[in-house]
Amino acid sequence: MSTAPIYEIDPAKFTADPYPDLKAMRATGPLVQVPQLGATLMTRRNDVFTNEKKIDIFSSWQPQGLMTMLMGENMMRKDAEAHMSERKAIFPAVSPKTVKEVWRASFEENAERILDEIEPKGEADLVRDYAMPLSAEALKSITGLTNMHFAEMNRVSQGMIDGCANYIGNPQIETNCHDCTASIDRHIDGRWDEAQAEPDHSLLSVQLQAGLSESQIRANIKLAISGGQNEPRDAIAGTAWALLTHPDELALIGKGEAVWMQAFEEYARWISPIGMSPRRIAVDHEMDGVTLNAEDRLFLMFGSANRDETVFDDPDTFRITRDTSQAIAFGAGPHFCAGAWASRALIAEVALPKLFGRLTNLRLNPDGEVKFTGWAFRGPLSVPVVWDA
Ligand code: HEM
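Summary of the structure given here. (Residues numbered from 1 in each chain as written. Predicted model: local features only at pLDDT ≥ 70, side-chain atom pairs only at ≥ 80, totals over all residues. Heavy atoms only, no water.)

What follows concerns the coordination of the iron atom of the ligand. No protein donor other than Cys337 (SG) coordinates the iron atom of the ligand, and that contact is at 2.3 Å. Counting through the fold element by element, Cys337 comes out in the loop between α15 (302-305) and α16 (340-358). (Donors = N, O, S within 2.8 Å, 3.2 Å for Na, K, Ca; no water. Helix = DSSP H or I, 4+ residues; strand = E, 2+ residues; numbered from the N terminus.)

If charged atoms from side chains of opposite charge come close, those side chains can pair. In total, this model carries 33 salt bridges according to the counting rule given. In this structure, Asp388 engages Arg363 in a salt bridge whose closest nitrogen and oxygen atoms are separated by 3.1 Å. Pair noted here: Asp388 is in the segment after β12 (384-386) and Arg363 is in strand β9 (residues 363-364), with a separation of 25 residues, a long-range link. In the salt-bridge network here, residues are joined through shared partners; they are Arg104, Glu108, Glu112, Asp116, Glu119, Glu349, Lys354 and Arg358. (Salt bridge = Lys/Arg side-chain N within 4 Å of Asp/Glu carboxyl O.)

In the structure shown here, the tally under the stated rule is 1 cavity of 30 Å³ or more. The space that makes up the largest cavity amounts to roughly 80 Å³. Taken together, Phe14, Pro18, Tyr19, Leu22, Ser272, Gly275, Met301, Gly303, Ser304, Trp375 and Arg378 make up the lining of the largest cavity. Along the lines of polarity and charge, the residues of the lining of the largest cavity split into 6 nonpolar, 4 polar and 1 charged. (1 Å grid on protein atoms, 1.4 Å probe; cavity = no way out; pocket = protein on both sides within 12 Å on 5 of 7 lines; lining within 4 Å. Points joined across faces, edges and corners; volume = space filled by probe spheres on them. Nonpolar A, V, L, I, M, F, W, Y, C, P; charged D, E, K, R; others polar.)

Roughly 650 Å³ of volume is contained in the second largest pocket. Listed by contribution, the elements that provide at least two residues to the lining of the second largest pocket are α1 (11-16), α7 (126-143), α8 (150-164), α12 (230-244) and β11 (379-380). In terms of residue count, α8 provides more of the lining of the second largest pocket than any other element does, 4 residues in total.

Mapped onto the fold, Ser205 is located in helix α10 (residues 203-209). On a C-alpha basis, the gap between Ser205 and Trp61 in space is 26 Å, while along the polypeptide they are 144 residues apart. Ser205 has contacts with Ala195, Pro199 and Asp200, leaving out every residue within four places of it along the chain. (Contact = heavy atoms within 4.5 Å.)

On the basis of which strands lie adjacent, the open sheet formed by 5 strands has the order β1-β2-β8-β5-β3 and mixed pairing. Bordering the open sheet on either side are β1 (31-34) and β3 (58-59), each of which pairs with just one other strand. Bridge analysis of strand β5 (residues 277-281) against strand β8 (residues 297-300) gives 4 bridges, and the strand direction is antiparallel. Paired with Arg279 across the two strands is Leu298, which belongs to β8. (Pairing = 2+ DSSP bridges.)

Another aspect to go through is the site of the ligand. Taken together, 25 residues surround the ligand, and among them Glu52, His83, Arg87, Ser277 and Cys337 come closest. One of the side-chain nitrogen or oxygen atoms of Arg87 is found 2.6 Å away from an oxygen atom of the ligand. Gly227 is positioned with one of its backbone polar atoms (N or O) 3.4 Å from a nitrogen atom of the ligand. Where the shell around the ligand is concerned, the elements lending two or more residues are α5 (80-94), α11 (214-228), α12, β5 and α16. By residue number, the principal contributor to the shell around the ligand is α11, which donates 3 residues. Counted by class, the shell around the ligand contains 13 nonpolar, 8 polar and 4 charged residues. (Near = heavy atom within 4 Å. Polar contact = N/O pair within 3.5 Å; in protein donor to acceptor, adjacent residues only side chain to side chain.)

This brings us to α5. Between its first and last C-alpha atoms α5 spans 20 Å; for 15 residues at 1.5 Å apiece the expected length is 21 Å, and the two agree. Those residues of α5 that are buried are in contact with α6 (96-118), α7, α10, α11 and α16. (Expected span 1.5 Å × (residues − 1).)

Moving on, we get to the packing of α8 against α11. Close contact between α8 and α11 brings their axes to 8 Å; oriented N to C, the two are set at 95 degrees. The pairing of α8 with α11 is recorded here as roughly perpendicular in orientation. Taken together, the residues of α11 that come into contact with α8 (itself represented by Met153, Val156, Ser157, Met160 and Ile161) are Lys222, Ile225 and Ser226. Taken together, the residues that form the contact of α8 with α11 break down as 5 nonpolar, 2 polar and 1 charged. (Axes fitted to C-alpha atoms, helices over the stretch in contact; angles between N-to-C directions. Parallel < 35°, antiparallel > 145°, perpendicular 65-115°, else oblique.)

Pairing is antiparallel in the open sheet, where 3 strands are placed in the order β4-β12-β9. Taken across any chain shown, the strands that pair with only one partner, and hence form the sheet edges, are β4 (123-125) and β9. Pairing analysis gives 2 bridges linking β9 to β12, with the strands arranged antiparallel. Residue Arg363 lies in a different strand from β12, and its bridge partner there is Val386. Along the sheet, α7 contacts β4 and β12; its crossing angle with β4, the most-contacted strand, is approximately 70 degrees.

Contact geometry for α12 and α16: axes closest at 10 Å, N-to-C directions at 50 degrees. With respect to α16, the element α12 is oriented oblique. For the element pair α12 and α16, the recorded crossing hand is right-handed. Here α12 contributes Pro232, Ala235, Ile236, Thr239, Ala240, Leu243 and Leu244 to the contact with α16, which in turn contributes Leu346, Ile347, Ala351, Leu352, Leu355 and Phe356. The class makeup of the residues in the contact of α12 with α16 is 12 nonpolar, 1 polar and no charged. (Left-handed = near helix turned anticlockwise from the far one by under 90°.)

Encoded structure:
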């Protein structure tokens, strides 16, 4: 383990609300060792921004890592040329051009259809009834798994995320994760020949067109599902909740003094859907008087970096007109989120304007409760709302 100062956490308290501990960790030093997580944490924004790019020290290649063991070796767990060649292969499925010309229209259709279903009811849970199906339908198109039901997409994504964060080694979580990856493999089998016969912009098809191996194709589709369902789901429902609990901020959009994209970017800074990404220390390294040993596990803490008081004034406050250009909710290095353009279009150009545009006098259900959970992945469990139907 590193020689960083030790910082003890209460895992349940940290999962319920990680921010007080993260603030104390930033004050303790650039690096802290957290025995309960078996890792050294990098919590300050500029350190993460600078060091994530030093892939010869902070490596994504983790052959013994949970994600590789459970989901196969995907592009996010590779460095340098091995990584960049696969990133190049998938880019036609997630590029700004493809998002604008191919996926945007289907995002809009799905949002309208889902709102047609819930609007007459006058109440809903924004996570279960709007954000989850909308994110899943988007991911079905982008991955090419149009033969999968949206609820199954959500189940297998959650199962893999739980598996990748299963540092305590719970066997049920591991078994469930294997069941989820097997389901994805069956759905890929069901689309394989069609995708070869009729090329399109999906991840399955562009990887086939690029000549990637079957194991690479399957691993990268599982990666997109693990990282592309919960995050937009949590950002859609979370940003809506943030605006409904900050009516003055919402009013700025109504008055044309701010836009939905600012609301989303500020939410993603304030409550980052992905709070952490792991790295393997490839070589012994000194950083600010701390020795990091080869093979140590290090966590890049995006959720902490985005509340770094040396970069963001009053960071614990949701303020949509603040400058979020220094936020790193989509990462800060070669693994910068490949789904960032699709997410921005889905969340800020479609999901939020349609939701607030279609549901009259949308407000939180006074009888409901909104609970957030998670430190590696963070979002609302439910957001009960009502409106004038
Ligand atoms: C609000 C939504 C999202 C957030 C906040 C988010 C965040 C992130 C972050 C922080 C990383 C970098 C991890 C690292 O540096 O290790 C990442 C990588 C990635 N994300 Fe996203 N993501 C989102 C949505 C999506 C979606 C919708 C997709 C799929 C269509 C996606 C696919 C990917 C892929 C493939 C990578 C790996 C890129 C690489 O290794 O080069 N993400 N994401």
